Amino acid sequence: MCSLRRKWVSDPAFKMFKKVLPPLSSTEKEAMEAGSVWWDGELFSGSPDWQKLHHYPKPTLSAEEQSFIDNEVETLLDMLDDHKIVKEDRDLPKEVWDYILKERFFSLIIPKEYGGRQFSSHANSTIVSKIATRSNSAGVTVMVPNSLGPGELVAHYGTQDQKDYWLPRLADGTEIPCFALTGPEAGSDAGGIPDTGTVCMGMHEGKEVLGMRISWNKRYITLAPVATVLGLAFKLQDPDGLLGDELDLGITCALIPADHTGVEIGERHDPLGLAFMNGPTRGQDVFVPMDWVIGGQDYVGKGWRMLVECLSAGRGISLPAMGTATGHLTSRTTGAYAYVRKQFGMSIGKFEGVAEALGRIGGLTYLLEATRTLTTTSLDLKEKPGIVTAIAKYHMTEMARQVLDDSMDIHAGRGIQQGPMNYLANFYIGAPVAITVEGANILTRNLMIFGQGATRCHPYVLKEMEAAANPDTEQGAKEFDDLLFKHVGHGTKNAFGSLWAGLTGSAFISSQ
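Computed from a predicted structure; not experimentally measured.

Trainee: Give a description of the overall build of the protein chain that names residues and reports values.
Mentor: For the protein chain, the helix and strand inventory stands at 19 helices and 9 strands. Its C-alpha atoms give the protein chain a radius of gyration of 25 Å, near enough to 24 Å, the size a compact globule of 512 residues would have. Structurally, the protein chain occupies a C-alpha span of about 80 × 80 × 40 Å along its principal axes. Per-residue burial over the protein chain gives 50% buried out of 512 residues. Within the protein chain, residue pairs in contact and separated by at least 24 positions form 74% of the contacts whose partners lie at least 6 positions apart. When the accessible area of the protein chain is evaluated, it comes to approximately 24300 Å², of which 55% is carbon and sulfur surface. If the 48 positive side-chain charges of the protein chain are averaged to one point and the 62 negative ones to another, these points end up 6 Å apart.

Trainee: Give me the lowdown on the pairing of strand 1 (residues 177-180), citing residues and values where you can.
Mentor: The alternating pattern of strand 1 places Pro 177 and Phe 179 and Cys 178 and Ala 180 on opposite faces, both of which are buried. Relative to strand 4 (residues 229-237), strand 1 is paired through 4 bridges, and the arrangement is parallel. The residue of strand 4 that forms the bridge with Ala 180 is Leu 232.

Trainee: Explain helix 6 (residues 82-89) residue by residue, including any values.
Mentor: Among the residues of helix 6, those classed as buried are Asp 82, Ile 85 and Val 86. All buried residues of helix 6 fall inside an arc of 85 degrees around its axis, so they share one side. One or two residues past the end of helix 6 sits Arg 90, with phi positive at roughly 60 degrees.

Trainee: I'd like a description of the pattern of salt bridges, backed by residues and values.
Mentor: According to the stated counting rule, one finds 16 salt bridges in the structure shown. In this structure, Glu 74 engages Lys 130 in a salt bridge whose closest nitrogen and oxygen atoms are separated by 3.4 Å. With Glu 74 in helix 5 (residues 63-79) and Lys 130 in helix 8 (residues 121-134), this residue pair connects regions lying 56 residues apart in the sequence. Of the charged contacts, one joins Glu 103 and Arg 117 as a salt bridge, the two residues approaching to 3.9 Å between their closest N and O atoms. In this pair, Glu 103 is assigned in the loop between helix 7 (94-102) and helix 8 and Arg 117 in the loop between helix 7 and helix 8, connecting sequence segments 14 residues apart. For Glu 103, a relative accessible area of 14% gives the class buried. Taken together, the salt bridges that share partners define one network made up of Lys 102, Glu 103 and Arg 117.

Trainee: With reference to specific residues and values, describe helix 10 (residues 150-157).
Mentor: Among the 8 residues of helix 10, 6 are classified as buried, and the element is accordingly described as predominantly covered. Here helix 10 has its buried residues at Pro 150, Gly 151, Glu 152, Leu 153, Val 154 and Tyr 157.

Trainee: Which residues make up the pairing of strand 5 (residues 248-257), and what are the values?
Mentor: A large share of strand 5 lies buried, amounting to 8 of its 10 residues. One ladder, built from 9 bridges, connects strand 4 with strand 5; its direction is antiparallel. Bridging from a neighbouring strand, Phe 234 pairs with Thr 252 of strand 5.

Trainee: Describe the packing of aromatic side chains, and please don't skip the residues or the numbers.
Mentor: Per the stated rule, a full pass over the model turns up 9 aromatic pairs. Their ring planes at 90 degrees and their centres at 4.9 Å tell us that Tyr 165 and Trp 166 sit as a pair that is edge-to-face. With centroids separated by 6.2 Å and ring planes inclined at 75 degrees, the aromatic side chains of Phe 344 and Phe 351 adopt a geometry described as edge-to-face. Assessed through its relative accessible area of 77%, Phe 344 is described here as exposed. Residue Phe 351 is classed as partly exposed on the basis of its relative accessible area of 29%. Here the aromatic residues Phe 68, Tyr 99, Phe 105 and Phe 119 are joined through ring pairs into a cluster of three or more.

Trainee: An account of the environment of Arg 315 is requested, with residue identities and associated values reported.
Mentor: Inspection of the secondary structure puts Arg 315 in helix 12 (residues 303-340). Classification of Arg 315 by relative accessible area gives buried; the value is 4%. Not counting chain neighbours up to four residues away, the residues in contact with Arg 315 comprise Pro 320, Gly 386, Thr 389, Ala 390, Lys 393, Glu 438 and Met 448.

Trainee: Mind laying out the environment of His 269, listing which residues take part and the relevant values?
Mentor: Secondary-structure assignment places His 269 in the loop between strand 6 (264-265) and strand 7 (278-289). Judged by its relative accessible area of 25%, His 269 falls in the partly exposed class. Sequence separation between His 269 and Trp 166 is 103 residues, and the spatial gap between their C-alpha atoms is 27 Å. Leaving out residues up to four positions away in the same chain, His 269 has contacts with Arg 219, Tyr 220, Asn 278, Gly 279 and Pro 280.

Trainee: I'd like a description of the nonpolar core, backed by residues and values.
Mentor: Core analysis: the largest hydrophobic core is formed by 63 residues, its most contacted members being Phe 105, Ile 131 and Ile 256. Each residue touching Ile 131, except ones within four places of it in the same chain, is listed here: Val 73, Leu 76, Leu 77, Leu 80, Phe 105, Ala 138, Gly 139 and Val 142. Core analysis: the next-biggest nonpolar cluster, separate from the first, contains 26 residues, Tyr 114, Trp 166, Ala 186 and Leu 255 among them.

The rules behind these values
Residues numbered from 1 in each chain as written. Predicted model: local features only at pLDDT ≥ 70, side-chain atom pairs only at ≥ 80, totals over all residues. Heavy atoms only, no water. Helix = DSSP H or I, 4+ residues; strand = E, 2+ residues; numbered from the N terminus. Rg over C-alpha atoms; globule rule 2.2 N^0.38 Å. Buried < 20%, exposed > 50% of the residue type's maximum accessible area, 1.4 Å probe, protein only. Contact = heavy atoms within 4.5 Å. Areas by Shrake-Rupley, 256 points an atom, 1.4 Å probe, with all protein chains shown as cover. Lys, Arg positive; Asp, Glu negative; His and termini not counted. Charge placed at Lys NZ, Arg CZ, Asp CG, Glu CD. Pairing = 2+ DSSP bridges. Arc of directions from axis to C-beta. Salt bridge = Lys/Arg side-chain N within 4 Å of Asp/Glu carboxyl O. Phe/Tyr/Trp six-rings, centres within 6.5 Å; stacked < 30°, edge-to-face > 60°. Core = buried A, V, L, I, M, F, W, Y, C linked by side-chain atoms within 4.5 Å.

This is the structure we're talking about:
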C-alpha cells in the first residue's frame, strides 16, 4: 500500500520533471561532472561538519618558497613603477620582462624535473598577490602562465614527448605561452565556440601526415601579443572517418607555435588602460599535425573536460590573489592616510563616518585573506573544487570592489588625481577586469554557484536529473521514486531545523 501511495505521488512528479528538464549536451554534462565536491557539499547537507572544516591543515610555505618570496619577489617589486608602466611605457620595462623570465616566474606550476619551481597553490597565490599590490599589470602578467594555459595542460595531459619539449622551454622563459578560448561569439558559453577543425591529411616538414585544418577567431587573450606558443581550443570534425566512425569529435586543445604558417598574432587590445598584454589571434585553414593535440590523438575530443578541471584550479588561485592584493593595498594605504590626513584639527580616521569605512576595509581584507588560504588549501589537498573556486572568485572580486570604493571615498580628491603618487587609481579603474575574467560575476553567481553548485553539491538533485534523463523510462522512474522521497525528507528536515534555529536564536547550533 505504501509503495502504491509513493508511486501515485512520484509518477506525476517524474513525468513533469522529465518534461521540464532541459536536455544536457555532452559539454554541459562534462562540465557538471568535472572536478570534485569538497567542503561545499557540507553546506547542502543541512548540518555542516564544522570540525571537518577546522581540521583542514593550515597552509604553510616551504623554505624554498619563502626564500623566493623574500628575495626574487622583493627584487621584482623594487623594479616596478606602476604609474610609468601604465601611463608611459604601456608595457613592463624590458629589464622586468628579462628578470621575470630569467627567474622563472612563469614556471611556478611546472614540475621540477622539467626545470620548473613546482610551488604549492598557496605559494603561487601568495606570489601573485604580493606582485599585484605593487602593479596589477605585472600581477596579471605573472598570473596567466601559472593558471589555465599550455604549462598546466601539458603537465597534466601532455604526451611524454610534449612534456620533454615544451615544459623546459616554458620553465626557463624560452617560450611565452597564451591560451585562446574566448571569441567574439563565445565567452561564458565556451562549449559554443564556432572555431572548427577538420581531420585530414596534409604536408608538414616535407611529409604527408595526419593532421587537422583549423580556422579560429579569438579575442581577449592575455599575453597573445607577445606569445611564442598558442594553446588553442576548437571543435574538431572527422568527415572522412580518418579516426573512426564519429563525425563530431568534440572540443579539442592543441599547442601551436606562434610563428607557424597561418597564425595571426601580435595585435593588442586596451583593457581599461592597463598595461598587461592582451589581444586577438586568428587563423584560416591552418594545417597542424595530429601530434600537436595536447595529449596526442588519444585526447582528441577531451578538451572541454580538460579545460573545466584545470580552470577550477586556476580560478581558485589567480583571481582570489588579485582580490586579496587589493585588500592589503587599500587597508595599509588608507589606514595610513586616515592617520596623517587632518581636518578640523584631528586625523580624519577619528571621525565615525571614516572609521566605519576603515572598519569595513579591515574586515573585508581579513575575509579576503582567509578565503584565499582556505581555497588554496583545497587545491593543495589535490581537490578540484569547481564550486568553491567559483564562490571565491565571485565574492573576493566583489569585496575588492567594495574596499576600493571605501578607500576612494576616504582619499576623496587625492584619489581621483592621477599621477605617480596615486597608488589607488589603476586598481580602481582595473577592478572590472578581475570581475569580468573567467565569466563575469553575474554568470558566476547564477550559473556556477547557484546552477552548477546547487545541482552538483546537493545530495539528490544531480541523481534525480540523471534518473529523469535515463533512456530506460521504467528504470529511471524507479530510481527517481526513491530519490524524490529522500529529497522531500531532506528538505523537510532542513526546513524545520531552520525554523527551530530561528525561534531559538541558534542557541543550540554549534559551530565548534
